[in-house]
Amino acid sequence: MKVSIVAVLALLSDVSDSFTTVSRMSTCSTSLQMSANPGSSVFLTPELAKSCIDIAGGSPVYAYSIKSLEDAADACLAFPNAYGLTVRYAAKACPNGAILKFFSSKGIHIDASSGYEVRRAIAAGIPPEHISLSSQELPTDFDALMDMGVKVNACSISQVERIGKHYEGKKQKIGIRVNPGVGSGGFSKSTTSFSKTNVGGPSSSFGIWHTLVEDGTVPAIVDKYGLEVERIHTHIGSGSDPAIWQRVAQKSLSFCAIWDTVVTLNLGGGYKVGRVEGEATTDLQAIGQPVTDTFKDFAKNHNGRELKLEIEPGTYLVAMAGAVISTVQDKVQTTGEDGHTFLKLDSGMTDVLRPSLYGAIHPITVLPGSGKTEDIGDETEKVIISGHCCESGDILTPKPGEPEDLEERPLRKAEIGDFLVVDGSGAYCSGMSAKNYNSFPETPEVLLDREGKVHVIRERQPLEQIYQNEVNLPDGVF
C-alpha cells in the first residue's frame, strides 16, 4: 500500500520564491529523492540551503519546513474515526519547543515518553491536560504531574501498584498500556522475532503483557486501590503493517470491554513514512477506515459505548519536514577492488544517528557550495558518506537491509565545500543523536516559514556548555 504524503518543493533558484506548497505526492516522489542528480533536495534549493547555513552561523544545521509540518498535521487530523479523535504528537520525535507550539496551534496534543518531556512541553506552553505520559520509567514526581492534569498510562504492573498506593481510594483516573502480543517494524532483513523499532510482542518490554490483563491480574490491582481506568493504550512499533494494525485494534477493544469506565482507546503511532525508494508510506485513510467500523461494531455490542480514538504519530508528522544541511569537509579514496571514495561531512552520528543505530536509509542530495542553482553540475559518482566522529560506525550509507554493511550511493560529484543535505531528518534526529560525542557541540535548528524566511529556533551550543556541569576534585585526590 503506497500512498505518500512526502513533501517536495518546486525547484526554483530564487530564495524568496523557492519555498512553495507541499502536497500529497505519489510514490514517484520517493524516486526523486533517490535520484543521483536532482535540482534540489526534498524542500531545499541550493539558495535556501545556503540561507539556512548563513543564518545559523555555519553548518551543520537542522532545517524544518513549516508547510510540510502543516500538511502532515492536516492529514493526521483527518484520520478516520467513529466517535471523536485526539491526535497526540510523539514529542520524542523532535521535541523543539517551536515544533510543539506549532502542533498545539493546530489542535494536536502531546504524547510524552518521560517526566522530563512532560516538563519540557509544559515549559513550551502546552496545557498539562493536553499531555499524555507513557514511560518506561515512571517519574518520581508522577503524582505532581497527574495532579496538574497530565494523563498517565501505567506501563507495567509495578507502575499500576505505585499509582494505586498513592491514590488509594480516591478513584484516580489512569490509563493502562498493554502489549497486545504482536509488533511491527524493522530495518534488517535478518530480523524476525526482534527489531529495534518493534515495541510489541514477546521480545518487547513496552506495556503490560496482554495475558496479565485478560487473566484478571491487572483488574484485581485496579479494584484493590479503587482506581478508574479511563484509557487503554497500545503501540506496536514503526512498521504500521495494515493487517497487523487492524488486528491489534480489534484486540485492544477487547481490553476496553473489561472496564466499563474506559472512554478512550489509544492505538499509538508508528505510521511509516517512505523516506526512500522502496519504502512505503502508511495510507492513513486506508488503515483507519476499517478501525472506524470496528469501533462502531463495539458500540453496537456494548450497550452503545462510543469510544473516542487517540493516535500518536511522530515520524509521520515531522520526518520529511526536516533535513540536516552539512558541508563536505574532506574527500578521500581507498584503492583496489574493494576501494571507495569517501565524502567526509562536518556532521554525522552527532546529528543523524539512525543509520548507525539500526541501518536506516535517508535521501541524500549534493548541492553546490556556492548556493547557486546554476552551479549544479551533471557529473555523478558513487560514494560512501562518513560522519565527522572518530567512530567506525559513523556512516550515513549503510546497505539497505544489512545495517553492518556499506553500500556506495550514486550522487552528484562533490567537491570539498559543497553542501550535502540529509533529508528525512525531521524525526528521531535532533532529539535522538550522539550529540557531544568527540565534544562536538549541539547543532542549531532553523524553521522555514511559509514565505521562505528562515528563523533560528535553537542556537548552536557553546563549547563551554558541554562541560559546565563537571566538578573539580579537591587537591590531593590524584
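This text follows the structure it describes.
The shown structure was predicted, so the numbers you read here are calculated from the model rather than taken from an experiment.

**Student:** Just checking my understanding: could you explain helix H3 (residues 66–77) for this structure?
**Tutor:** Helical geometry: 3.6 residues make up each α-helical turn, so side chains three or four residues apart lie on a common side. Look at H3: 16 Å from first C-alpha to last across 12 residues, which is about the 16 Å you get at 1.5 Å a residue. Counting buried positions over the 12 residues of H3 gives 10, a clear majority of the element. If you check which residues of H3 are buried, you get Ile66, Lys67, Ser68, Leu69, Glu70, Asp71, Ala72, Ala73, Ala75 and Cys76.

**Student:** Would you mind going over unusual backbone geometry with me for this structure?
**Tutor:** Backbone phi values are negative for most residues with the exception of glycine, while trans is the configuration of most peptide bonds. The omega torsion across Ser59 and Pro60 is 0°, close enough to zero to call that bond cis. Mapped onto the elements of the fold, Pro60 is located in the loop between helix H2 (46–56) and strand S1 (61–65). Look at Tyr428: it is not a glycine, yet its phi comes out positive at around 55°. Its place among the elements puts Tyr428 in the loop between strand S18 (419–423) and strand S19 (445–448). Note on Tyr428: relative accessible area 17%, which makes it buried.

**Student:** Can you walk me through a nonpolar patch on the surface in this structure?
**Tutor:** On the surface, Leu473, Val477 and Phe478 cluster together to form a nonpolar patch covering roughly 400 Å² of accessible area. Relative to the assigned elements, Phe478 resides in the segment after helix H14 (463–467). Judged by relative accessible area, Phe478 falls into the exposed class, the value being 89%.

**Student:** What is the right way to read the pairing of strand S10 (residues 308–311) from this model?
**Tutor:** Consecutive side chains along a regular strand alternate between the two faces of the sheet. Examined bridge by bridge, strand S2 (residues 85–90) and S10 share 3 bridges and lie parallel to one another. Bridge assignment links Leu85 to a residue of S10, and that residue is Leu309. Sheet topology note: the strand S9 (residues 264–266)/S10 ladder contains 3 bridges and is parallel. Bridge pairing links Asn266 to Glu310 in S10. Following the backbone out of S9, through helix H11 (residues 284–301) and into the adjacent parallel S10, one traces a crossover that is right-handed.

**Student:** Looking at this structure, I do not really get the environment of Ser356. What am I missing?
**Tutor:** Tracing the sequence through the fold places Ser356 in helix H13 (residues 354–358). Looking at Ser356, the relative accessible area reads 27%, which means it is partly exposed. When the C-alpha atoms of Ser356 and Thr397 are compared, they prove to be 9.1 Å apart, with 41 residues separating the residues in sequence. Filtering out sequence-adjacent residues up to four positions away, Ser356 remains in contact with Met349, Gly393, Asp394 and Ile395. Within the structure, the side chain of Ser356 is placed 2.6 Å from the backbone oxygen of Gly393, a separation counted as a polar contact.

**Student:** Just to check I follow, could you spell out the side chain of Gln461 for this structure?
**Tutor:** Relative to the assigned elements, Gln461 resides in the loop between strand S20 (454–458) and H14. Of the polar contacts made by the side chain of Gln461, one reaches the backbone nitrogen of Glu442; its length is 2.8 Å. Here the side chain of Gln461 touches Gln465 through a polar contact of 3.2 Å, side chain to side chain. Ignoring anything within four residues of it in the chain, the contact list for Gln461 reads Asn436, Pro441, Glu442 and Ile466.

Reading the values: rules and limits
- Residues numbered from 1 in each chain as written.
- Predicted model: local features only at pLDDT ≥ 70, side-chain atom pairs only at ≥ 80, totals over all residues.
- Heavy atoms only, no water.
- Helix = DSSP H or I, 4+ residues; strand = E, 2+ residues; numbered from the N terminus.
- Expected span 1.5 Å × (residues − 1).
- Buried < 20%, exposed > 50% of the residue type's maximum accessible area, 1.4 Å probe, protein only.
- Patch = residues over 30% accessible without salt bridge, like charges linked within 9 Å, V, L, I, M, F, W, Y side chains within 5 Å.
- Areas by Shrake-Rupley, 256 points an atom, 1.4 Å probe, with all protein chains shown as cover.
- Salt bridge = Lys/Arg side-chain N within 4 Å of Asp/Glu carboxyl O.
- Pairing = 2+ DSSP bridges.
- Right-handed = clockwise from strand over helix to strand, strands pointing away.
- Contact = heavy atoms within 4.5 Å.
- Polar contact = N/O pair within 3.5 Å; in protein donor to acceptor, adjacent residues only side chain to side chain.

Interpretation in functional terms is not warranted from these geometric data alone.
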